[in-house]
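Residue strings, one per chain:
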Amino acid sequence: MKFRELSIAGAFEVTPQLHGDPRGLFTEWYRFDRLAEVVGHPLNLAQANLSVSAAGVVRGIHFADVPRGQAKYVTCVRGAVLDVIVDLRAGSPTFGRWEGVRLDDVDRRAVYIPEGLGHGFCALTDDATLSYLCSETYNPTGEHSVHPLDPDLGIEWPAEVPQLSARDEAAPSLAEAISTGLLPDHAACIEFTESLRVN
C-alpha cells in the first residue's frame, strides 16, 4: 500500500497492492494502522456509505463544520469516477485549490480526505459505485455545500452537461460561502486534527 500526499495538505491518494490470478483478485483497500502512521492519528470509523451514480452525475462539493467535521476514506468499487478534493479551509495557503484523482475498479485506489476539505466527484461510467468510510455520522445541521460549477473554483469536470442534485444546484458560490462565514477555519481544522493525535 502506497500513500501519496496531494497538493492540498492532509489529503492522500492511496494505492493498494493487488494480488490477482485466474480466479480473481484480492487487495487490502484500507488499513487503519498504515493510515494512522501517515496522517498522524487513527481514523474513527462511525459510518459507512455507498453511492451509485450514472455517467455524467456530479455530486458535491460537500463539507462539514469543524469541529467535529467528517473525514472520509473513499474508493470506487465499480466503474470509475473523477474524485475531487477542494481546500475550503479559510486562511489555508492552498485555499480554493482543487485536485482530482481517478478512482476505478481497475487500480482500486482510494483517497483520504481530512476534516475541513470539500469533496465531490463526477461519475465517468454508469453505475459508478463509491464506498465511503466516515469518521462521524451524518449531521444534517452541520453539513454544507459549495456549488460544484462555480467558475471561481474552476473545476474541470469531465462531463458535457453535469447532472446535479437539487441540493447541489442550490448551493452557494465560494464567494457567498466566504461572505456568510460558512467555511471552516484553517487554524481550527489544524487544532482539531492535533487533538486526534494519540500521545
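Nothing here was measured: the structure is a model prediction, and the numbers come from that model.

> Before we move on, can you summarise the sheet that holds strand S1 (residues 2-5) with the specific residues and values?
The strand order S1-S2-S10-S7-S12-S5 describes an open sheet built from six strands, whose pairing is antiparallel. Each edge of the sheet is formed by a strand with only one pairing partner; in this case those strands are S1 and strand S5 (47-53). Each strand of the sheet is rotated relative to its neighbour by a mean of 20°, with strand direction disregarded. As paired strands, strand S2 (residues 12-15) and strand S10 (residues 110-113) are joined by three bridges and run antiparallel to one another. Opposite Phe12, over in S10, you have Tyr112 as the bridge partner.

> With reference to specific residues and values, describe the sheet that holds strand S9 (residues 98-104).
As summarised here, the arrangement of the five strands in space is S9-S8-S11-S6-S13, forming an open sheet in which the pairing is antiparallel. Either end of the sheet is taken by a strand with one partner, and the two such strands are S9 and strand S13 (143-145). Put simply, the sheet's adjacent strands are angled 25° from each other on average, direction ignored.

> Can you lay out the packing of aromatic side chains for me, pointing to particular residues and giving the numbers?
Applying the stated criterion to the full structure yields two aromatic pairs. Look at Trp29 and Tyr73: their rings are 5.8 Å apart centre to centre, the planes differ by 40°, and that puts the pair in the tilted class. One end of the pair, Trp29, is in the loop between strand S4 (24-27) and helix H1 (32-39); the other, Tyr73, is in strand S7 (residues 72-78), with 44 residues separating them in the sequence. Its relative accessible area of 1% is what places Tyr73 among the buried residues. With 4.9 Å between their ring centres and 70° between their planes, Tyr30 and Tyr73 make a pair best called edge-to-face. Linking Tyr30 in the loop between S4 and H1 with Tyr73 in strand S7, this pair joins segments that are 43 residues apart in sequence. When sorted by exposure, Tyr30 lands in the same class as Tyr73, which is buried. Ring pairs connect the aromatic residues Trp29, Tyr30 and Tyr73, which therefore count as one cluster.

> Can you explain the nonpolar core? Please cite residues and give values.
Counting 18 residues, the largest nonpolar core has Val74, Val81, Ile85, Leu103, Val111 and Leu130 as the members making the most contacts within it. Once you skip the residues sitting within four places of it in the chain, Val74 turns out to touch Asp83, Leu103, Arg109, Ala110, Val111, Ile113, His119, Leu130, Ser131 and Tyr132.

> Tell me what's going on with the pairing of strand S11 (residues 117-123), and back it up with residues and numbers.
Extensive coverage of S11 is indicated by the burial of seven of its seven residues. Both faces of S11 are covered, namely the face carrying Leu117, His119, Phe121 and Ala123 and the face carrying Gly118, Gly120 and Cys122. Note that strand S6 (residues 58-64) and S11 share three bridges and pair antiparallel. When the bridges of S11 are listed, Arg59 appears paired with Phe121. In this sheet, S11 lies alongside strand S8 (residues 80-87) in antiparallel orientation, the contact comprising seven bridges. Counterpart to Asp87 in the pairing with S11 is Leu117.

Parameters and conventions
Residues numbered from 1 in each chain as written. Predicted model: local features only at pLDDT ≥ 70, side-chain atom pairs only at ≥ 80, totals over all residues. Heavy atoms only, no water. Pairing = 2+ DSSP bridges. Helix = DSSP H or I, 4+ residues; strand = E, 2+ residues; numbered from the N terminus. Axes fitted to C-alpha atoms, helices over the stretch in contact; angles between N-to-C directions. Phe/Tyr/Trp six-rings, centres within 6.5 Å; stacked < 30°, edge-to-face > 60°. Buried < 20%, exposed > 50% of the residue type's maximum accessible area, 1.4 Å probe, protein only. Core = buried A, V, L, I, M, F, W, Y, C linked by side-chain atoms within 4.5 Å. Contact = heavy atoms within 4.5 Å.

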